[in-house]
Amino acid sequence: MTQTRESRAKLNLFLHVTGRRPDGFHELISLMTKITLADELVFSFQGKGIQVTCDHPGVPEDDSNLAYRAANRFFSACHQKKIAVPVAGVAIHIHKNIPVGGGLGGGSSNAATVLEVLNTRCGDLFSLEQLLEMGRHLGADVPFFLFGGPALARGIGEKLTRIQNLKPRHVVLCDPGIHVSTAEVFGRHDFCLTSQGKYTIKSASNVLPRGQPVDIGSCMHNDLEAAAFGLYPEIRSTRDEMAHLLQRPVAMSGSGGSLFALFSHEKDAKQGYERLCKHLAGGGKHFFLTALLNG
Ligand code: ATP
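Worth saying up front: this structure is predicted, and the values here are computed from it rather than measured. (Residues numbered from 1 in each chain as written. Predicted model: local features only at pLDDT ≥ 70, side-chain atom pairs only at ≥ 80, totals over all residues. Heavy atoms only, no water.)

1. Quick word on the packing of helix H2 (residues 106–121) against helix H3 (residues 128–138)
Then, number 1: Close contact between H2 and H3 brings their axes to 10 Å; oriented N to C, the two are set at 150°. Taken together, the axis directions place H2 and H3 in an arrangement best described as roughly antiparallel. Two packed elements cross with a definite hand, and for H2 against H3 that hand is right-handed. Contact residues: Ala111, Leu115 and Asn119 in H2; Leu131, Met134, Gly135 and Leu138 in H3. (Axes fitted to C-alpha atoms, helices over the stretch in contact; angles between N-to-C directions. Helix = DSSP H or I, 4+ residues; strand = E, 2+ residues; numbered from the N terminus. Parallel < 35°, antiparallel > 145°, perpendicular 65-115°, else oblique. Left-handed = near helix turned anticlockwise from the far one by under 90°. Contact = heavy atoms within 4.5 Å.)

Shown next, in the form of structure tokens:
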């Protein structure tokens, strides 16, 4: 018997780097939301052990795959609790739609989906708090994907506050076709360019629950752009071309290189998407018409 689940991508609508911890991890404050763009995960519960396959050549199929690591962590936690689970093994096939290494959190999303599906399959063995703890060990963005809904992320991304009042927005998204190394981008970040308190406080207080719908367009920002543009100048030139063609702000998600613009009306987003496909397509660039998810 198989089960199919969508595994959504995320955007960082804003991302301010606020400092570096003694262990080298960067602290940030970021508004994160899922979007409709998603991978498809097909689960099969026959046989023993864990098996992962993926139709994207850039994604490993061994035990370094985040979906594999999530399943392994889940079964280890069951083992530690000495719980006999009704699942002897799982085969997971990943149909990749989310650009790989694009700052859209595809791997972390897959890991969160695996934890959720296995937990449901095992009769909700673990609480959300326990799943979040497993997620923290798998990657900084995994807790966000388990959390559900738009969130303000702080710390290294694990301290999450639910944001209720985001206005719905359509998104034109560009994958510039560059596999960006998250470690390299963080490594190159210049702390002189780190957001000063007054900016981060403004962004955060704008979105923290106040009962009023928030228009996030005015807060779009990413402190990691300078580092990513320095390493991959094509991301900057694509950003500039997009902003020119769309006549609106374009920001990078996460450590890059995906770029996005927000629209109130679907018709305008579609026109913008078609303009980009016509003028910028090729050279590895791909465009997507998607939308922010509020749940
Ligand atoms: P991050 O910023 O966390 O690195 P990202 O969104 O930029 O994430 P991902 O698409 O998650 O990028 O992929 C990052 C790396 O993780 C890639 O090099 C990829 O080979 C590896 N990886 C491992 N498992 C997966 C998975 N299930 N899906 C996508 N990539 C995976």
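2. Description of the sheet that holds strand S7 (residues 170–175)
Then, number 1: If you walk across this open sheet you meet the four strands as S9-S10-S7-S11, and the pairing is antiparallel. Strands with a single pairing partner mark the edges of an open sheet, and in this sheet they are strand S9 (251–252) and strand S11 (286–291).
Then, number 2: With six bridges connecting them, S7 and S11 associate as antiparallel partners. Bridging across to S11, Val171 finds its partner in Thr290.
Then, number 3: Sheet strands touched by helix H9 (residues 266–280): S7, strand S10 (259–263) and S11. Its angle to S11, the strand with the most contacts, is close to 175°. (Pairing = 2+ DSSP bridges.)

3. Some remarks on the site of the ligand
Then, number 1: The ligand sits among 21 residues. The nearest are Gly58, Gly103, Gly105, Gly107 and Thr182.
Then, number 2: Contacts to the ligand include Lys96, whose side-chain N or O atom sits 3.0 Å from a nitrogen atom.
Then, number 3: Backbone polar atom of Gly105 to an oxygen atom of the ligand: 2.6 Å apart, as the coordinates give it.
Then, number 4: Alone, the ligand offers 600 Å² of accessible surface; in the complex the protein occludes 80% of this.
Then, number 5: Among the cavities detected, the one that contains the ligand is the largest pocket. (Near = heavy atom within 4 Å. Polar contact = N/O pair within 3.5 Å; in protein donor to acceptor, adjacent residues only side chain to side chain. Areas by Shrake-Rupley, 256 points an atom, 1.4 Å probe, with all protein chains shown as cover. 1 Å grid on protein atoms, 1.4 Å probe; cavity = no way out; pocket = protein on both sides within 12 Å on 5 of 7 lines; lining within 4 Å. Sits in = over half its atoms within 2 Å of the grid points.)

4. Notes on the pairing of strand S1 (residues 2–20)
Then, number 1: Taken together, the 16 bridges between S1 and strand S2 (residues 26–44) define a ladder with antiparallel strand orientation. What sits directly across from Val17, in S2, is Leu28.
Then, number 2: Where S1 folds back on S2, the antiparallel hairpin that results is connected by five residues, among which Gly24 adopts a positive phi of roughly 95°.

5. A short note on the packing of aromatic side chains
Then, number 1: Taken as a whole, this structure holds four aromatic pairs when the rule is applied.
Then, number 2: With a centroid separation of 6.0 Å and 80° between ring planes, the pair formed by Phe74 and Phe75 is classed as edge-to-face. Across this residue pair, the class does not change: Phe74 and Phe75 are buried.
Then, number 3: Pairing Phe74 with Phe126 gives two aromatic rings, centres 5.3 Å apart and planes at 80°, and the pair type is edge-to-face. In this pair, Phe74 sits in helix H1 (residues 66–80) while Phe126 sits in the loop between H2 and H3, placing the two residues 52 residues apart along the sequence. Of the two residues, Phe74 and Phe126, neither departs from the other in class, the shared state being buried.
Then, number 4: Among the aromatic side chains, those forming a connected cluster through ring pairs are Phe74, Phe75 and Phe126. (Phe/Tyr/Trp six-rings, centres within 6.5 Å; stacked < 30°, edge-to-face > 60°. Buried < 20%, exposed > 50% of the residue type's maximum accessible area, 1.4 Å probe, protein only.)

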